[in-house]
Each structure stands twice: as C-alpha cells, then as structure tokens.
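Below are the chains, spelled out letter by letter.
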Amino acid sequence: MAKLELENFEDFREIEGQTLPAGDWLTVTQEMINDFAKATMDFQWIHIDIEKAEKHSPFKKPVAHGFMSLALLAKLLKDVLLVKSAKMGINYGLNKVRFPSPVLVDSQLRLICTIQKIENYGDKGLKITWNCVVELDGSDKPACVAEFISLMFE
C-alpha cells in the first residue's frame, strides 16, 4: 500500500477519526526474534530454541515475544503515515494492550490503525491516540490490539 503523506499538522487534524491505509505485510524472521531477545534479555526457549520448539512447543515453531509485536507499532505506523512538517515523534504510552494470537516465526504482520483523537500538546506538539490492530496473515485473531498514544512535534 502507498504511504499516506500529509504536509502539516493542519492536514493531519483533518483525518482525525479515520482509518489509515493498511500497511504492507512484514515478515517476522528468526533473526528479528533473536535480536529482540537480546535487546530485552528474554531468552525463553519458546522464542529462540528452534529444535526445542519443534519438539516441545504446541506451535512446533518458535514464537515471537508478545511485546515484539507491540514494539513494532512505531515502525509499522511510520510505514503507513508521513506528516512532512513533523520534526520528531515520541512514544507517550498505552491505555490498553492485548495479544490475542501468537506470532510464529515467518508469520506476516501488518497494521490497521485508526486515529482516535488528536489533541494539542505544548506549543508545537500534538498528542495522538491511535487504535492499532496488528493483523496476522492467515489468522482470524490479530497478533496485537493496542490503544497507543504518541506525541508529534513540528
């Protein structure tokens, strides 16, 4: 899908309440899972031990960390939206998060996101509440559902 590109905050405010275009599919590789394990120091075998997962996991494959699908929100959002006047963005927090379906190695994810609310933040900023669904290709249940809050500054 093509990224939605907006010139400035004024244009961005006009799409409050709308759903952004669906993002492209992103494949979750074992290398990504291993790197996330290193970054978070979560080396549970279900994530990083391929042979043990094949033998003992009910999924028969390694599973990505739940928080990995959450951590991908910033990247997935950047892939679907660009506000050209924005100088920077900051993760502000989360109101609700769920991981309805496990993400197996080599799964594909994409973002479906609605802009729930846009508020002023300081002199040159916005506080945005996003309703995010990280879809899992081939699954009726998403990998992650989150009400995500970020800040954006001009």
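Above: the structure in question.
What you see as residue numbers is a count from 1 along each chain, following the sequence as written. This being a predicted model, a pLDDT of at least 70 is required before a residue's local features are given, and a value of 80 or more before pairs of side-chain atoms are given or counted; all residues contribute to the totals for chains, interfaces and linings. Note that the side-chain values use all heavy atoms of the structure and ignore hydrogens as well as water.

## Overview of the overall build of the chain
Then, number 1: Only DSSP runs of H or I with at least four residues qualify as helices, and only runs of E with at least two residues qualify as strands; both kinds are numbered from the N terminus onward. Each helix and strand in the chain was counted, giving 6 helices and 7 strands.
Then, number 2: Beginning at the N terminus, the succession of helices and strands in the chain can be written as β-α-β-α-α-α-α-α-β-β-β-β-β.
Then, number 3: Dimensions of the chain, computed from the C-alpha atoms along their principal axes, are close to 55 × 30 × 25 Å.
Then, number 4: The buried share among the 154 residues of the chain stands at 38%.
Then, number 5: Note on contacts: a residue pair is in contact if any heavy atoms of the two residues lie within 4.5 Å. Counting contacts in the chain only where the partners sit at least 6 residues apart, residues at least 24 apart contribute 71% of the total.
Then, number 6: Total accessible area on the chain is roughly 8,700 Å²; 51% of this is exposed by carbon and sulfur atoms.
Then, number 7: We count Lys and Arg on the positive side and Asp and Glu on the negative side, and we leave His and both chain ends out. The location of each charge is read from NZ of Lys, CZ of Arg, CG of Asp or CD of Glu. For the chain, the separation between the mean place of its 18 positive charges and that of its 22 negative charges on side chains is 4 Å. Any residue under 20% of the maximum accessible area for its type is buried, any over 50% is exposed, and the rest in between are partly exposed; the area is computed with a 1.4 Å probe on protein chains only. The protein chains shown are the only cover counted for residues, whose accessible areas, like all others here, come from Shrake-Rupley with a 1.4 Å probe.

## Section: the sheet that holds strand β4 (residues 88-98)
Then, number 1: Strand pairing is assigned whenever DSSP detects at least two bridges linking the two strands. With antiparallel pairing, 5 strands are arranged side by side in an open sheet as β2-β5-β6-β7-β4. Strands with a single pairing partner mark the edges of an open sheet, and in this sheet they are β2 (26-27) and β4.
Then, number 2: Both strand β6 (residues 125-136) and strand β7 (residues 144-153) contribute to a ladder of 10 bridges, which runs antiparallel. By the bridge assignment for β7, Gly125 is matched with Phe153.
Then, number 3: Contacts from helix α6 (residues 73-80) reach β2, β4, β5 (108-121), β6 and β7, with the element oriented near 85° to β5. Only the stretch in contact is used when fitting a helix axis, every axis being a line fitted to C-alpha atoms; angles between N-to-C directions are given from 0 to 180 degrees.

## A closer look at the nonpolar core
Then, number 1: Think of a nonpolar core as a cluster: buried Ala, Val, Leu, Ile, Met, Phe, Trp, Tyr and Cys residues, connected wherever their side-chain atoms sit within 4.5 Å. Ranked by internal contacts, the top residues of the largest apolar core, which has 37 residues, are Phe12, Leu20, Leu111 and Trp130.
Then, number 2: Within the residue set of this core, elements represented by two or more residues are α1 (9-13), α2 (30-40), α5 (66-71), α6, β3 (81-83), β5, β6 and β7.
Then, number 3: Broken down by element, the residue count for this core peaks at 6 residues, all from β6.
Then, number 4: Look past the residues within four positions of Leu20 in its chain and what remains in contact with it is Leu4, Ile15, Leu77, Val80, Leu81, Cys113, Ile115 and Trp130.

## Here's the deal with the pairing of β5
Each regular strand shows side chains that alternate between the opposite faces of the sheet.
Then, number 1: Across 2 bridges, the pairing between β2 and β5 is antiparallel. Following the sheet pairing, Thr27 is matched in β5 by Gln108.
Then, number 2: Connecting the antiparallel pair β5 and β6 is a turn made up of 3 residues, with Gly122 showing a positive phi of about 65°.

## Here we look at the packing of aromatic side chains
Then, number 1: Aromatic contacts are taken between Phe, Tyr and Trp rings whose centres are within 6.5 Å, Trp giving its six-membered ring; a plane angle under 30 degrees counts as stacked, one over 60 as edge-to-face, and the others as tilted. Under the defined criterion, the tally for this structure stands at 4 aromatic pairs.
Then, number 2: Relative to Phe99, the ring of Phe67 lies with its centre 5.5 Å away and its plane at 80°, an arrangement referred to as edge-to-face. One end of the pair, Phe67, is in helix α5; the other, Phe99, is in the loop between β4 and β5, with 32 residues separating them in the sequence.
Then, number 3: Residue Phe99 is classed as partly exposed on the basis of its relative accessible area of 35%.
Then, number 4: Pairing Tyr121 with Phe153 gives two aromatic rings, centres 6.1 Å apart and planes at 75°, and the pair type is edge-to-face. Highlighted residues: Tyr121 in strand β5 and Phe153 in strand β7, separated in sequence by 32 residues.
Then, number 5: Residue Phe153 is classed as buried on the basis of its relative accessible area of 18%.

## Overview of α6
Then, number 1: Those residues of α6 that fall on the buried side of the exposure criterion are Leu73, Leu76, Leu77 and Val80. Within α6, the buried residues cover an arc of 100° as seen down the axis, which keeps them to one side. Arc, as used here, means the arc of the directions from the helix axis to the C-beta atoms.

## Here we look at the pairing of β7
Then, number 1: Counting buried positions along β7 gives 9 out of 10 residues, so the element sits mostly inside the fold.
Then, number 2: Two elements, β4 and β7, share 9 bridges in a ladder whose sense is antiparallel. Bridge assignment links Gly89 to a residue of β7, and that residue is Met152.

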